Amino acid sequence: MAEIQLSVGSIVALPKSSLEKLLANLLKMGYQVMGPQIQDGAIVYKPLNSIAELPKGYISEQEAGTYHLVYSGTRRYFDVTPGAQSWKQFFFPPFTELASFSRDSHGYWQIEEKEPDLTPLALFGVFPCDLAAIQVQDKIFLREEWKDPLYWSRRQSAFIIAIDCLHPCGTGFCASMGTGPKANPGFDLRLTELDDVFLLEIGSEAGRMVMDGVAVLPTSAFWLQAAQKALEEASMKMGRSLPNQQELPDLLLNNLDAQQWDDVAKRCMSCASCTLVCPTCFCWDARDSATLNGQTAGRERVWDSCFNPDYSYIVGGNSRPNVRSRYRQWLTHKFGSWYSQFGTSGCVGCGRCITWCPARIDVTVELNAIRQEVQS
């Protein structure tokens, strides 16, 4: 194949046979590559050592409260949309050991802080909504006045291969949120999968370096038009939509006594599933433990949720003592006060909270119901 000079911003065609070389380059450069794979009937993210491990030929069928994989037999690697897991687990793990303590021979406590793992990560196949979610989490953990050291230690060297979402799931609404189906900037490489090739855009110098020795082709007008048509069709095939999202902060924060809060509280089980699958939720708790002999102890950081009754417990009682108040807190924060806090919505339209809600509560339905109640 012809030698093509690549630079940041270049768009080329990547034959699918070259995908293995791209992965090999990442591994050779010392990245721990994580990619989507099938496990226990769902898509999970775990170490990727061969392109054959990708979920080629699979699609996912999702609706409120339901999810299952179906083998379609196509030659595409990325028709299947994400499952319950998100990439947030690699920068903000659900469990992190912060420090351990032990008594020395004189009975004094010795502190051993845990050193962060600095192995660079490569995230292979990040959908646009999840790329947007990573950028939302950056605003939370990498603020100007303070950077979370654990998040920063993994995030700063991460390599991201984004994949445009041409087969959106039934519960997604990323087109409404401006986070898909085409990936926004923030990637090192961006792929758009067609039947026989990927269109590949180089988004960073690191992305250009990884392409060393990878066989590519010049893009044709046919491939470019096919990709554009596929993206337009994907926008029209979204399973959900959320119009007028700019109105949501005022709508929610000015209607805290709406009757719809009582209605949803009767259905919500306060199970925290929505917050655990959400790629942007960031609540956590520090937890201490000690052995029975009193010689060792530890401190760890764990994910928490505003749906957990203990989360809002303060001296004197619980500030959110019932399901109504906890659901209202979650929804008004996600679509309302998050804007003033971080300058963006707390939702990227991935649809996970709808898919994985055992009560089949749909945030787009709840938000529209509040709007209709207020306007009636």
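Values in this document were obtained by computation on a predicted structure and should not be read as measured data. Every chain is numbered on its own, with residues counted from 1 as its sequence reads. The model is predicted, so local features are restricted to residues of pLDDT at least 70 and side-chain atom pairs to those at 80 or more, both for listing and for counting; the totals for chains, interfaces and linings are taken over all residues. Hydrogens and water are ignored here; the side-chain numbers use all heavy atoms of the structure.

**Section: the nonpolar core**
Inside soluble globular proteins, nonpolar side chains tend to come together where they are buried. This is how it is decided: Residues belong to one nonpolar core when they are buried, are Ala, Val, Leu, Ile, Met, Phe, Trp, Tyr or Cys, and are joined through side-chain atoms within 4.5 Å. Only protein chains enter the area calculation, which uses a 1.4 Å probe; residues under 20% of their type maximum are buried, those over 50% are exposed, and those in between are partly exposed. A helix here means a DSSP run of H or I that spans at least four residues, while a strand means a run of E at least two residues long, and both kinds are numbered starting from the N terminus. Contact between two residues is taken to exist if any of their heavy atoms lie within 4.5 Å; hydrogens are not considered.
L14, L19, L26, L123, F124 and M211 are the most contacted members of the largest nonpolar core, which has 60 residues in total. The element that contributes the greatest number of residues to this core is helix 3 (residues 128-141), accounting for 8 residues. Not counting residues within four places of it along the chain, the set of residues in contact with L123 comprises M34, W87, F90, F91, I134, F159, I160 and I161. Counting 29 residues, the second-largest nonpolar core is a separate cluster that includes M177, L252, A272 and C347.

**Section: the packing of aromatic side chains**
Inclusion rule: Ring pairs shown here join Phe, Tyr and Trp side chains whose ring centres sit within 6.5 Å, with only the six-membered ring taken for Trp; geometry is labelled stacked below 30 degrees between planes, edge-to-face above 60, and tilted in between.
Under the defined criterion, the tally for this structure stands at 16 aromatic pairs. Aromatic side chains F141 and Y151 sit 4.8 Å apart centroid to centroid with 15° between the ring planes, which places their arrangement in the stacked category. Here the residue F141 occupies a position in helix 3, and Y151 occupies one in helix 4 (residues 149-155), the gap between them amounting to 10 residues. Assessed through its relative accessible area of 2%, F141 is described here as buried. Residues F282 and W338 carry aromatic rings whose centres are separated by 5.5 Å and whose planes lie at 90° to one another, so their mutual orientation is edge-to-face. On the criterion of sequence distance, the pair formed by F282 in the loop between helix 10 (273-277) and strand 13 (284-290) and W338 in helix 11 (residues 323-342) is long-range, its members being 56 residues apart. For the residue pair F282 and W338, the accessibility class agrees, reading buried in each case.

**A look at the environment of D164**
Selection criterion: Whenever a nitrogen or oxygen atom comes within 3.5 Å of another N or O atom, the pair is scored as a polar contact, on the condition that within protein one atom can donate a hydrogen and the other can accept it, and that pairs from neighbouring residues in sequence are kept only if both atoms are in side chains.
As for its placement among the helices and strands, D164 is situated in the loop between strand 9 (159-163) and helix 5 (174-177). Taking the C-alpha atoms as reference, D164 lies 5.2 Å from T192; in sequence the two are 28 residues apart. Look past the residues within four positions of D164 in its chain and what remains in contact with it is P128, P181, K182, A183, R190, L191, T192 and L231. Here the side chain of D164 touches A183 through a polar contact of 2.9 Å, landing on its backbone nitrogen. At 2.5 Å, the side chain of D164 forms a polar contact with the side chain of R190.

**Side note on the sheet that holds strand 7 (residues 109-113)**
Each strand in a sheet pairs with another by means of backbone hydrogen bonds, the pair being arranged parallel or else antiparallel. Basically, it comes down to this: Paired strands, as defined in this entry, are two strands with at least two bridges between them according to DSSP. Here an axis means a line fitted to C-alpha atoms, over the contact stretch when the element is a helix, while the angle between two N-to-C directions is reported on a 0 to 180 degree scale.
Pairing within the open sheet is antiparallel, and its 4 strands lie in the order 7-6-14-13. This sheet does not close on itself; its edge strands, each paired only once, are strand 7 and strand 13. Recorded for the sheet is a direction-independent mean angle of 20° between the axes of neighbouring strands. Alignment of strand 6 (residues 95-103) against strand 7, held across 5 bridges, turns out to be antiparallel. Its bridge partner being in strand 7, A99 is matched across the sheet by E113.

**Brief notes about unusual backbone geometry**
Residue G180 is joined to P181 through a cis peptide bond whose omega torsion reads 5°. As for its position among the elements, P181 is in the loop between helix 5 and strand 10 (189-193). Positive phi, normally seen in glycine, also occurs at A272, with a value near 75°. Note that A272 resides in the loop between helix 9 (259-267) and helix 10. A residue is classified by how much of its surface remains accessible, and A272, at 11% relative accessible area, is buried. If you check the backbone angles, R360 has positive phi at about 60° while not being a glycine. Looking at the secondary structure, you find R360 in the loop between helix 12 (352-355) and helix 13 (363-375).

**What to know about the side chain of R240**
Position of R240 among the secondary structure elements: in the loop between helix 7 (221-236) and helix 8 (248-253). Of the polar contacts made by the side chain of R240, one reaches the backbone oxygen of G170; its length is 2.9 Å.

**Here we look at helix 7**
Applied cut-off: Take the residue count of a helix, subtract one, and multiply by 1.5 Å to get its expected span. As used here, the arc is the angular range of directions from the helix axis to the C-beta atoms.
Between its terminal C-alpha atoms helix 7 stretches 23 Å, which fits the 22 Å expected from 16 residues at 1.5 Å a residue. Among all positions in helix 7, only A227, A230, L231 and A234 are buried. An end-on view of helix 7 places all buried positions within 100° of arc, on one side of the element. Residues of helix 7 that are exposed and point more than 90 degrees away from the buried face comprise A221, F222, Q225, K229 and M236. Residues of helix 7 that are buried in the fold lie against strand 10 and strand 11 (197-202).

**Some details on the pattern of salt bridges**
The condition is simple: Salt bridge, as used here, is a side-chain nitrogen of Lys or Arg placed within 4 Å of a carboxyl oxygen of Asp or Glu.
Enumeration over the complete set of coordinates arrives at 18 salt bridges. When the shortest N-O distance is used, the salt bridge between E63 and R240 registers 2.9 Å. With E63 in strand 4 (residues 58-63) and R240 in the loop between helix 7 and helix 8, this pair connects stretches of sequence that are 177 residues apart. For R240, a relative accessible area of 16% translates into the label buried. A salt bridge links D262 to R324; the nearest nitrogen and oxygen atoms lie 2.8 Å apart.

**A few points about the environment of K147**
By the secondary structure assignment, K147 is in the loop between helix 3 and helix 4. In contact with K147, not counting residues within four places along its chain, are F141, L142 and W152.

**Quick word on the environment of C169**
Here C169 shows up in the loop between strand 9 and helix 5. For C169 and D79, which are 90 residues apart along the polypeptide, the C-alpha to C-alpha distance reads 9.6 Å.

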